[in-house]
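A look at the structure
Chain by chain, the residues:
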Amino acid sequence: EYCSFFCSEPGEEITKQAPGMKEIGRPVVKMCQKFEKLPSGMDSSDQVRCQRYFLQEDRIHLDYHYGKGKITASSKTYTKDKDAPRCVAYESDSFAEAPNASAEKEEYERLLVEEKA
């Protein structure tokens, strides 16, 4: 597992409430967490390769590992809308089942908790 944080450049518009202002004096605009494939029997295309939290843009992006024999990988982008959070998904396997709405909601809520941690 690998984590990184990206701060805004000096001179960019800064708000006092932005994440990171108290701790480092510059707002954190993006957090990135990368994961290796697990050797378990789980299909690698179901395993998250990279989670990106775009704090200023209020969105979360997930990239998945490449499946066996695949040249594209699946991805999901969650936008934080107070009324109805939205998920835009790209599935690299055209024969895969459509994502379950309740599972996406659970995943979105889990990602929000992880973002605050």
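So, here's what we can say about the structure. If you're wondering where the values come from, they're calculated on a predicted model, not measured in any experiment. (Residues numbered from 1 in each chain as written. Predicted model: local features only at pLDDT ≥ 70, side-chain atom pairs only at ≥ 80, totals over all residues. Heavy atoms only, no water.)

Some words on the overall build of the protein chain
Each helix and strand in the protein chain was counted, giving two helices and six strands. Within the span of the protein chain, comprising 117 residues, buried residues form 32% of the whole. Looking at the protein chain alone, contacts between residues at least 24 apart form 31% of all its contacts between residues at least 6 apart. As displayed, the protein chain has an accessible area near 8400 Å², and 53% of this comes from carbon and sulfur atoms. (Helix = DSSP H or I, 4+ residues; strand = E, 2+ residues; numbered from the N terminus. Buried < 20%, exposed > 50% of the residue type's maximum accessible area, 1.4 Å probe, protein only. Contact = heavy atoms within 4.5 Å. Areas by Shrake-Rupley, 256 points an atom, 1.4 Å probe, with all protein chains shown as cover.)

Details of the environment of tyrosine 78
In this fold, tyrosine 78 is placed in strand β5 (residues 75-79). Sequence separation between tyrosine 78 and glutamate 107 is 29 residues, and the spatial gap between their C-alpha atoms is 9.8 Å. The residues contacting tyrosine 78, other than those within four sequence positions of it, are Asp58, Arg59, Ile60, Leu62, Arg86, Cys87, Glu104, Glu107, Tyr108 and Leu111. Side chain to side chain, tyrosine 78 and glutamate 107 meet in a polar contact 2.4 Å long. (Polar contact = N/O pair within 3.5 Å; in protein donor to acceptor, adjacent residues only side chain to side chain.)

A short note on the side chain of glutamine 47
By the element assignment, glutamine 47 lies in the loop between β2 (28-34) and β3 (48-54). Not counting chain neighbours up to four residues away, the residues in contact with glutamine 47 comprise Glu36, Lys37, Leu38, Ser40, Met42, Tyr64 and His65.

Examining unusual backbone geometry
Notably, aspartate 58 is not glycine yet its phi reads approximately 55 degrees, a positive angle. Positionally, aspartate 58 belongs in the loop between β3 and β4 (59-64).

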